[in-house]
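Observations on chain architecture
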Amino acid sequence: MRLGGRLSGAIEVLNDIETRKRPVADALKDWGLAHRFAGSGDRAAIGNIVYDALRKRLSHAWLMDDDSPFALGYAVLLRQWGLSPEALGAEFEGDRFAPAPLSAEHLAAFSRRPLSDAPLHVQGDIPEWVEPSLVSAFGDRWIAEAEALTERPTLDLRVNTLKAERPKVLRALERSGAAACKTARFGIRIPAGEQSARLPNVTAEISFQKGWFEVQDEGSQIVADLVTPQEGEQVLDYCAGGGGKTLAMAAAMNNKGQVHAYDADSRRLAPIIERLKRAGTRNVQVHDRDAELEKLHGRMDRVLVDAPCTGTGTWRRRPDTKWRLTPRNLEERIIQQQDALAQASRFVRDGGSLYYVTCSVLPEENDRQMEAFTAANPAFEVVSALPAWDHLYGADAVRPISRDGKTLTLTPATTDTDGFFFCHLKRRG
Ligand SMILES: C[S@@+](CC[C@H](N)C(=O)[O-])C[C@H]1O[C@@H](n2cnc3c(N)ncnc32)[C@H](O)[C@@H]1O
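Residues numbered from 1 in each chain as written. Predicted model: local features only at pLDDT ≥ 70, side-chain atom pairs only at ≥ 80, totals over all residues.

Labelled according to an unreviewed UniProt entry, the chain appears under the name RsmB/NOP family class I SAM-dependent RNA methyltransferase, originating from Ectorhizobium quercum. UniProt's Sequence similarities (unreviewed entry) comment on the chain is quoted here verbatim: "Belongs to the class I-like SAM-binding methyltransferase superfamily. RsmB/NOP family." (UniProt positions renumbered as here; feature names shortened; annotations may be inferred.)

On to the domain arrangement of the chain, then. Assigned domains within the chain: domain 1 (3-117), domain 2 (155-215) and domain 3 (218-427). Inter-centroid distance (C-alpha atoms) of domain 1 to domain 2 is 30 Å. (Domains from an automatic or database assignment.)

To continue, consider the environment of Gly419. Among the structural elements, Gly419 can be located in the loop between strand E11 (408-410) and strand E12 (420-427). The class of Gly419 is buried, set by 29 C-beta atoms lying within 10 Å. Taking the C-alpha atoms as reference points, Gly419 and Gly313, separated by 106 residues in sequence, lie 3.7 Å from one another. Beyond its immediate sequence surroundings of up to four residues, Gly419 is in contact with Leu149, Thr312, Gly313, Cys359, Ser360, Val361, Leu410, Thr411 and Pro412. (Helix = DSSP H or I, 4+ residues; strand = E, 2+ residues; numbered from the N terminus. Buried ≥ 20, exposed ≤ 12 C-beta atoms within 10 Å, placed from the backbone. Contact = placed C-beta atoms within 7 Å.)

Taken together, 18 residues sit near the ligand, with Cys239, Gly241, Gly244, Ala264 and Asp265 positioned nearest. Those elements that provide at least two residues to the shell around the ligand are helix H14 (244-252) and helix H18 (327-344). Considering each element in turn, the shell around the ligand owes the most residues, four residues, to H18. A class-by-class count of the residues in the shell around the ligand yields six nonpolar, six polar and six charged. (Near = placed C-beta within 6 Å. Nonpolar A, V, L, I, M, F, W, Y, C, P; charged D, E, K, R; others polar.)

What follows covers the nonpolar core. Within the largest apolar cluster, 66 residues are counted, with the highest numbers of intra-cluster contacts made by Met249, Val303, Val305, Tyr356, Val357 and Phe422. For this core, the element with the most residues is H14, which contributes six residues. Residues contacting Met249, with those up to four places away along its chain left out, are Ala224, Val227, Pro229, Val235, Asp237 and Val259. (Core = buried A, V, L, I, M, F, W, Y, C linked by C-beta atoms within 7 Å.)

Judged by pairing direction, the sheet is antiparallel, and its four strands sit side by side in the order E2-E3-E1-E4 without closing on themselves. With one partner strand each, in any of the chains shown, strand E2 (179-180) and strand E4 (213-215) form the two edges of the open sheet. Relative to E4, strand E1 (residues 155-159) is paired through three bridges, and the arrangement is antiparallel. Note that in E4 the partner of Val159 across the bridge is Phe213. (Pairing = 2+ DSSP bridges.)

To continue, consider the pairing of E1. Side-chain direction in a regular strand flips from residue to residue, so the side chains alternate between the two faces of the sheet. Burial analysis of E1 places four of its five residues in the buried class, the great majority of the element. Relative to strand E3 (residues 187-190), E1 runs antiparallel, the two being bridged by four bridges. Note on E3: the bridge partner recorded for Leu155 is Ile190.

This part covers the packing of helix H1 (residues 3-20) against helix H2 (residues 24-34). The N-to-C vectors of H1 and H2 enclose an angle of 130°; their axes lie 9 Å apart at closest approach. What the angle tells us is that H1 and H2 run oblique. For the element pair H1 and H2, the recorded crossing hand is right-handed. For the pair H1 and H2, the contacting residues are Gly9, Glu12, Val13, Asp16 and Ile17 in the first and Val24, Ala27, Leu28 and Trp31 in the second. Here the contact of H1 with H2 is built from residues that sort into six nonpolar, one polar and two charged. (Axes fitted to C-alpha atoms, helices over the stretch in contact; angles between N-to-C directions. Parallel < 35°, antiparallel > 145°, perpendicular 65-115°, else oblique. Left-handed = near helix turned anticlockwise from the far one by under 90°.)

Right under this line is the structure:
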């Protein structure tokens, strides 16, 4: 397929997402099934246009003065792929699969509507109701932070130190442009690529099958690292999900001591079994019933609550969730977070540590939660995570945002990672 056919395909998928309120991945998959002649390069390019369009949906619509999938698709090629109207005209000439040309009205709007005239939430490409939260989180810098959440994300990997060292994995992946991450100690980064570039399918590599690395965003690696689990300790990962942070902590403990992995939703936990096996991890107990945890009350050295959240810090990877998020979803997550914290905190021994993590940048899910938790639980106090940061990454490393000098906020704009919030609390001994 030429670019015109790919743009038409992307416009169809964007239409499907909008009219049938479909998740992006499902809409893309269905399009692929209905167009079996399209190759994997075509499907990747269509996926890129669709995701790029969703990341900057509001600003594209403003600049084109039209929020139709047709206008969004063209805006991607003009703004994000850097193609001029003339280059597109020449490219689509004689391509019977290309969409109709842009109208004179679109072209006039695109050349005459500076984005600086748009409302601020349009400039930052966020739902309007989220603006006060981002202002509260980042002050004057909030638009820059929001803009960074509209960029294409890199593909990050964590070397499994139980089986390999970083140089060995870098050699195994050298064709993919992989390089060591700037901050995460065992991280590897594959660049996002531009235009129709496809990310490599690293899980098909032999080195992955052998358990040398896991796919994990650099920010996620860092927050697991900041828990600083030590060999021989008892650690509870209370919201373990598929086990991304469980695996990182188990490796950091060098297979010594015990990580208890629990999740209220056993379906989310299920993939962990296969992952643990591949990684060669021997110090993890998986619990899918809360009754199994009874005996651990008051006995854990460290408890991690990687809480359910709105995922605003991962908007680069899942831009459709940005437009589906509602104030009601946020309210629900806040209640789930309070519930998880109340339950998980019972497992921390006297003098032990509780870590609260979200992949959101909204203060309602982060700072406000910590204020409410410590007010209701005077046995816990927030301690600074900055010494651990400096110890792990050194004085020259990039620094995350710390509004209170204790908690940390990672963002694409500051740490070049997904957005994460990290808070270390200690139970008084
Ligand atoms: C952010 S995800 C965890 C991601 C995982 N830690 C990782 O690194 O891949 C949050 C998880 O919390 C779980 N969860 C929500 N409420 C919970 C609760 N009250 N107790 C335990 N788990 C809970 C959800 O099922 C979900 O899997």
